[in-house]
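Survey of secondary and tertiary structure
This is what each chain is made of:
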Amino acid sequence: MISFKQLPLEAKAAVAAGVVFFSMMLSRSYLAEQLELRTRRWLLRLQMALFANALMLIGSLHVWRSTVTTFSRSSAANSFCFMPWKIAVFMFLALAHSSFFTLLFLVAEEPYFFSLAAYTCLGAYIILIFFLFTLGSVEQAYKFLAGRGAKAGTGNKNSRTAMKPVLAVMLTVVLTVVGLLNASRPPTVNSVEVPVHKLPSTMNNLKVVLLSDIHLGPTVGKTKLAMIVRMVKALKPDITVIVGDLTDSEAEIIRPAVEPLGELNSPLGTYFVTGNHEYYTSDVSNWFELLKSFNVRPLHNENVKIVSPKSTDDWFCLAGVDDIEADVLRYSGHGMDLKKALRDCSSEHAIVLLAHQPIAAKWALQERPDINLILSGHTHGGQMFPLNAGAYFLNPFFVGLYKVGQNTFVYVSPGTMYFGIPMRLGSRAEITEIILRSP
């Protein structure tokens, strides 16, 4: 029987990831209600960081062998550039691994340079792993299809072996720069007209601005939020809604960065529902109080009547549900409760629902098909290549406007900022201007 010491490093990393994952499930299911809130918060984040790093270690070993060990067996090892290259690769991997720990130690009003560098390396790491795997697969497929014909010389073989990591690194550098530039641009303003069944004629052309996935934390701070608020105010919306993942940190730590929200002055109100990342902070109650102090109303499985400025007899129901991650984490007093959220919302009036995750939108429509419009986020439009495909297949609605049935629409925001990695590839940050049309 093989002992743990005899296992290769990749297998040891996989075992470590499995152990941490098991501890996460144990904490979520059996210890969630027994641990003090602050302890649970740190434990959850530490477990997530350790789990991610254990998985990344498998990839990091492959990166090291592809970009360093490969060249150490060739004449390149004698070059004066080889040692600086080894140091650069090691620093790159170390920064990528440290990114998850910045959530624990490096969150402030504005991002630290170290956090930005670490998360940039994480984004480049993901791209590099993808290209190394893809090019390796192409190489193996070529060998299989070509068969065992005449063997190439050793020199040609070494040349081909070296070309794979060189090409992967070059593509990674180019896409990283493109992704950073794309994410550094202000969000685009996307105007969408949505017909809303049973919307009173006096509320025709009502303007709702949708924000989602701002992720205040290690790489998004007060300056970015202030820019978003200025752009929202310029649109002069009747209502502003924030559909979750506003933050990745505790309210007390990042309070100064949230202050620009107090400048939102939509006449019919500014509303908020939780996303999964709010529950990862284990600080939702304090966030609710902080948002209320800035005149942002949380919809905690509840609804409000949005009354027409032209007639008090005309109104529609704006409801919001807690994110479904609260149920997974067994977060006390929270969890998606559609029946409670839609209490007193009859089908005689238009119903607009705020639900962070598209899967929650799907579940809501299965229970209440009379909902007219659901506004969601969460997917980030995949945020960056090559994660786009995963986000597409894991969500029933990916990004943009969907018509469901005869009188229902779902709109999924691609996110107003980004999570952690300050990059966007194949997606664009967005502030959505939704114009409600009465039939």
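Described below are features of the structure shown in this document. (Residues numbered from 1 in each chain as written. Predicted model: local features only at pLDDT ≥ 70, side-chain atom pairs only at ≥ 80, totals over all residues. Heavy atoms only, no water.)

**Notes on the nonpolar core**
- Grouped together as the largest cluster of nonpolar side chains are 39 residues, with contacts concentrated most on Ile214 and Leu261.
- The set of elements that each furnish at least two residues to this core consists of strand 2 (206-211), helix 7 (222-235), helix 8 (251-258), helix 9 (276-280) and helix 10 (284-293).
- With seven residues, helix 7 is the single largest residue contributor to this core.
- Leu261 has contacts with Leu225, Val229, Ile242, Leu246, Leu291, Phe294 and Val296, leaving out every residue within four places of it along the chain.
- Residues Val194, Val273, Val352 and Leu436 belong to the second largest nonpolar core, which totals 28 residues. (Core = buried A, V, L, I, M, F, W, Y, C linked by side-chain atoms within 4.5 Å. Buried < 20%, exposed > 50% of the residue type's maximum accessible area, 1.4 Å probe, protein only. Helix = DSSP H or I, 4+ residues; strand = E, 2+ residues; numbered from the N terminus. Contact = heavy atoms within 4.5 Å.)

**Focus on helix 13 (residues 358-367)**
- Those residues of helix 13 that sit buried are Pro358, Ala360, Ala361, Ala364 and Leu365. Around the axis of helix 13, the buried residues are gathered within 150° of arc, so they sit on the same side.
- Those residues of helix 13 that are buried are in contact with helix 12 (338-341), strand 8 (351-354), strand 9 (373-376), strand 10 (400-404) and strand 11 (408-412). (Arc of directions from axis to C-beta.)

**Observations concerning unusual backbone geometry**
- Along the chain, Phe385 connects to Pro386 via a cis peptide bond; the corresponding omega equals 10°.
- Unlike most non-glycine residues, Ser282 shows phi in positive territory, near 55°.
- Take Ser282: its relative accessible area is 2%, and that puts it in the buried class.
- One non-glycine residue, Asp344, lies in the positive phi region at around 70°.
- Along the polypeptide, Asp344 turns up in the loop between helix 12 and strand 8.

**Regarding the packing of helix 8 against helix 10**
- The interhelical angle for the contact between helix 8 and helix 10, taken along N-to-C directions, is 25°, at an axis separation of 11 Å. One finds that helix 8 runs roughly parallel with respect to helix 10. Relative to helix 10, helix 8 is oriented so that their crossing is right-handed. On helix 10, the residues that touch Ala251, Ile254, Arg255 and Val258 of helix 8 are Asn286, Trp287, Leu290 and Ser293.
- Partitioning the contact of helix 8 with helix 10 into residue classes produces five nonpolar, two polar and one charged. (Axes fitted to C-alpha atoms, helices over the stretch in contact; angles between N-to-C directions. Parallel < 35°, antiparallel > 145°, perpendicular 65-115°, else oblique. Left-handed = near helix turned anticlockwise from the far one by under 90°. Nonpolar A, V, L, I, M, F, W, Y, C, P; charged D, E, K, R; others polar.)

**Observations regarding the pairing of strand 8**
- Residues Ile351 and Leu353 point to one face of strand 8 and Val352 and Leu354 to the other, with burial holding for every one of them.
- For strand 7 (residues 315-320) and strand 8, the ladder comprises four bridges, and the chain directions are parallel. Following the sheet pairing, Ala319 is matched in strand 8 by Leu353. (Pairing = 2+ DSSP bridges.)

**Points about the packing of aromatic side chains**
- This model, assessed by the stated rule, comprises seven aromatic pairs.
- Seen in terms of ring centroids, Tyr392 and Phe398 are 5.5 Å apart; in terms of plane orientation they differ by 80°. Their pairing is edge-to-face.
- Feature note: the residues Phe130, Phe131 and Phe385 constitute an aromatic cluster, connected by ring pairs.
- We note Lys305 situated over the ring of Trp315; from NZ or CZ to the ring centre the distance is 4.4 Å. (Phe/Tyr/Trp six-rings, centres within 6.5 Å; stacked < 30°, edge-to-face > 60°. Lys NZ or Arg CZ within 6 Å of the ring centre and 35° of its normal.)

**Remarks on the sheet that holds strand 3 (residues 239-243)**
- Read across the sheet, six strands follow the order 1-12-2-3-4-5 without closing on themselves; strand pairing throughout is mixed. Both outer strands of the open sheet, strand 1 (188-195) and strand 5 (296-298), are each paired with one neighbouring strand and no more. Ignoring strand direction, the axes of neighbouring strands in this sheet form an average angle of 25°.
- Where strand 3 meets strand 4 (residues 270-273), four bridges bridge the pair, whose relative direction is parallel. The residue bridging Thr240 from the neighbouring strand is Thr270, located in strand 4.
- Set on the sheet, helix 10 makes contact with strand 4 and strand 5; between it and strand 5 the angle comes to about 145°.

**Things to note about empty space enclosed by the protein**
- With the rule as written, the count across this model stands at two cavities of 30 Å³ or more.
- Put simply, the second largest cavity is a space of about 50 Å³.
- Considering the residues around the second largest cavity, the lining is formed by Val208, Ile239, Val241, Phe316, Leu318, Val352, Leu373, Leu375 and Leu436.
- Contributing elements (two or more residues each) for the lining of the second largest cavity: strand 3, strand 7 and strand 9.
- Here the residues of the lining of the second largest cavity sort into nine nonpolar, no polar and no charged. (1 Å grid on protein atoms, 1.4 Å probe; cavity = no way out; pocket = protein on both sides within 12 Å on 5 of 7 lines; lining within 4 Å. Points joined across faces, edges and corners; volume = space filled by probe spheres on them.)

**Quick notes on the sheet that holds strand 11**
- Pairing is mixed across the open sheet formed by six strands, whose spatial order is 6-7-8-9-11-10. The sheet terminates laterally at strand 6 (302-307) and strand 10, the two strands that pair on one side only. The sheet shows a mean angle of 20° between the axes of neighbouring strands, direction not considered.
- Of the pairings in the sheet, the one linking strand 6 to strand 7 comprises six bridges and is antiparallel in character. What sits directly across from Glu302, in strand 7, is Gly320.
- Where helix 13 meets the sheet, it contacts strand 8, strand 9, strand 10 and strand 11, and its direction lies at approximately 160° from that of strand 9.

**Quick word on the pattern of salt bridges**
- The tally for this structure, following the rule as stated, stands at seven salt bridges.
- Across the pair Lys222 and Glu109 runs a salt bridge whose closest N-O atoms are separated by 3.7 Å. Placement of Lys222 in helix 7 and of Glu109 in the loop between helix 4 (102-105) and helix 5 (113-146) is noted, with a sequence separation of 113 residues between them.
- The partner of Asp370 in a salt bridge is Arg368, with the nearest N and O atoms 2.8 Å apart.
- The class of Asp370 is partly exposed, set by a relative accessible area of 25%.
- Connected through salt bridges with shared partners, the residues Glu109, Lys222 and Glu259 form a single ionic network. (Salt bridge = Lys/Arg side-chain N within 4 Å of Asp/Glu carboxyl O.)

**Looking at the environment of Val258**
- Assignment of secondary structure puts Val258 in helix 8.
- Using a relative accessible area of 0% as the deciding quantity, one classes Val258 as buried.
- Val258 sits 35 residues away from Thr223 along the chain, and the two C-alpha atoms are 10.0 Å apart.

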